[in-house]
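Observations on the model geometry
Single-letter residue listing:
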Amino acid sequence: MTTDKVIFDTDPGVDDALALYYLLRHPQIDLLGVTTVFGNAPVALTTRNARFLLRAWGHDAPVHAGAAGPLTPDMPPEFWPTWIHGDNGLGDHPIDLAPQDDPDTAAQFLIDQIRAHPGEVRVLAVGRMTNLARAVQMAPDIAGLVRDVTLMGGAFRVPGNITPAAEANIWGDPLAADIVFGAPWRVVAVPLDLTTRTFMDSATLARLAQAGGPGMRLVADLSQGYVRFYQAAGYDGMLVHDCTAAVWLTDPDLFTLTEGEVRVLSDGIALGLTLMNPADRQGPLGAWEGRPRQFATLDGQPDAILDRIAQVCTA
């Protein structure tokens, strides 16, 4: 089996942890490194959390801290979602590592790795798109060297999850997202249109924890606060947003793509709205003029995606 060279751009984050475990367990994935960004917690915590998870799972992939805040000017104040991810970003699971004052090296790491492996690197970004936007601004040539970019983000034909208009990763830095969708590389967004249908119930999570050994038990343990968040809304389990995007890398046949130019609104009441001008019903380009056509997985097979996660994480 050939392997894919992957850089995981992330903000751990409970569902990020499951996605990272999936990448580490899948024989098709060669994890080149992890870049971190603010989002589910401040970047010092997301960086610490990435190191903690990699150490717990016996992996020595390098971790590079990235953006501590957005490119978008005049953003509303950031409120860390502690009611979902806990005060420490990993469901308040005990962590025996202290945060460090890391330099901001994520964008340069992305540039260096993409240039070192032309045509091979796949970037999976499941947090704010700030590191990616900064990387392509610093080195526009990487757009022609990267194999592809996969994002967990957007809400194209469904409501957002942080405002009626916007999904959280896009809302957190909409200007960065607009830069990423507008760069001349291949982008596939895995949005709420599909991820809000990819729900792992509590019984399945418990079964995977029992079958998957210590690594999967850690995922289940740190996910309990996340499950309680959904239980308060009447759902016994958790959405696996980020791991759904990871499955796209390995099993694209489980997804249905829609193609079109994408813009992201960066001000006003619809801050963070993702707007696609779809190729199958193309309207006047207007604000989409000169933009590359990108892709979004607006549909797919949620049950098969969950089955694939279970297979990989318990193998």
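Data block above holds the structure.
Residues numbered from 1 in each chain as written. Predicted model: local features only at pLDDT ≥ 70, side-chain atom pairs only at ≥ 80, totals over all residues. Heavy atoms only, no water.

Re the overall build of the protein
From N to C terminus, the protein includes 13 helices and eleven strands. Computed over its C-alpha atoms, the radius of gyration of the protein comes to 18 Å, within 12% of the 20 Å expected for a compact globule of 315 residues. With respect to the three principal axes, the spread of C-alpha positions in the protein is 55 × 45 × 40 Å. A burial count over the protein gives 59% of its 315 residues as buried. Summarising the internal contacts of the protein: among those between residues at least 6 apart in sequence, 81% fall at separations of at least 24. Within the protein, the 37 negative side-chain charges are centred at a point lying 3 Å from the centre of the 21 positive side-chain charges. (Helix = DSSP H or I, 4+ residues; strand = E, 2+ residues; numbered from the N terminus. Rg over C-alpha atoms; globule rule 2.2 N^0.38 Å. Buried < 20%, exposed > 50% of the residue type's maximum accessible area, 1.4 Å probe, protein only. Contact = heavy atoms within 4.5 Å. Lys, Arg positive; Asp, Glu negative; His and termini not counted. Charge placed at Lys NZ, Arg CZ, Asp CG, Glu CD.)

Things to note about unusual backbone geometry
Glycine aside, residues mostly have negative phi, and peptide bonds are mostly found in the trans state. Here the residue pair P12 and G13 is connected by a cis peptide bond, since its omega of -10° sits within 30 degrees of zero. Inspection of the secondary structure assignment puts G13 in the loop between β1 (4-10) and α1 (14-25). Phi at D74 is positive, roughly 55°, even though this residue is not glycine. Positive phi, close to 60°, is recorded for D92, a residue that is not glycine. Positionally, D92 belongs in the loop between α3 (82-85) and α4 (106-116).

Some details on the packing of α1 against helix α12 (residues 241-250)
Helix-helix packing is described using two parameters, namely the angle between the two axes and the distance between the axes. Running from N to C, α1 and α12 cross one another at 25°; their axes reach a closest spacing of 7 Å. Relative to α12, the element α1 is oriented roughly parallel. The two elements α1 and α12 meet at a crossing, and its hand is right-handed. Where α1 approaches α12, its residues D15, D16, L18, A19, Y22 and L23 are matched on the opposing element by H241, D242, C243, A246, V247, L249 and T250. When its residues are assigned to classes, the contact of α1 with α12 shows eight nonpolar, two polar and three charged. (Axes fitted to C-alpha atoms, helices over the stretch in contact; angles between N-to-C directions. Parallel < 35°, antiparallel > 145°, perpendicular 65-115°, else oblique. Left-handed = near helix turned anticlockwise from the far one by under 90°. Nonpolar A, V, L, I, M, F, W, Y, C, P; charged D, E, K, R; others polar.)

Considering the layout of surface pockets
Looking at the largest pocket, its volume works out to about 600 Å³. For the largest pocket, the lining is made up of 31 residues, of which N40, I84, H85, N161 and A168 are closest to its centre. Elements with a minimum of two residues in the lining of the largest pocket: α1, α3, α6 (168-171), α11 (224-232) and α12. Looking at the lining of the largest pocket residue by residue, the classes come out as 16 nonpolar, eight polar and seven charged. (1 Å grid on protein atoms, 1.4 Å probe; cavity = no way out; pocket = protein on both sides within 12 Å on 5 of 7 lines; lining within 4 Å. Points joined across faces, edges and corners; volume = space filled by probe spheres on them.)

Some points on α12
Within α12, ten of the ten residues are buried, which leaves the element mostly enclosed by the surrounding structure. Buried within α12 we find H241, D242, C243, T244, A245, A246, V247, W248, L249 and T250.

What about the packing of aromatic side chains?
For the structure on display, the rule yields six aromatic pairs. Between Y226 and Y230 the ring centres are 5.2 Å apart and the planes differ by 75°, which places this aromatic pair in the edge-to-face class. Of this pair, Y226 and Y230 are both found in helix α11, four residues apart, which corresponds to roughly one turn of the helix. Grouping residues by exposure puts Y226 and Y230 together as buried. (Phe/Tyr/Trp six-rings, centres within 6.5 Å; stacked < 30°, edge-to-face > 60°.)

A look at the pairing of strand β6 (residues 187-190)
Residues V187 and A189 point to one face of β6 and V188 and V190 to the other, with burial holding for every one of them. Sheet topology note: the strand β5 (residues 148-152)/β6 ladder contains four bridges and is parallel. If you follow M152 over to β6, its bridge partner there is V190. By the bridge criterion, two bridges tie β6 to strand β11 (residues 293-300) in an arrangement that is parallel. (Pairing = 2+ DSSP bridges.)

Observations regarding the pattern of salt bridges
This structure, assessed with the given rule, holds 13 salt bridges. It is possible to trace a salt-bridge network through shared partners that takes in D4, R122, R147 and D148. (Salt bridge = Lys/Arg side-chain N within 4 Å of Asp/Glu carboxyl O.)

Details of the packing of α1 against helix α13 (residues 302-314)
The N-to-C vectors of α1 and α13 enclose an angle of 60°; their axes lie 9 Å apart at closest approach. The chirality of how α1 crosses α13 is left-handed. Each of L18, Y21, Y22 and R25 in α1 lies in contact with α13, whose residues at this interface are R308, I309, V312, C313 and T314. Here the contact of α1 with α13 is composed, by residue class, of six nonpolar, one polar and two charged.

A closer look at a nonpolar patch on the surface
Residues F79, W83 and F229 make up a contiguous nonpolar surface patch of roughly 380 Å² in combined accessible area. Inspection of the secondary structure assignment puts W83 in helix α3. (Patch = residues over 30% accessible without salt bridge, like charges linked within 9 Å, V, L, I, M, F, W, Y side chains within 5 Å. Areas by Shrake-Rupley, 256 points an atom, 1.4 Å probe, with all protein chains shown as cover.)

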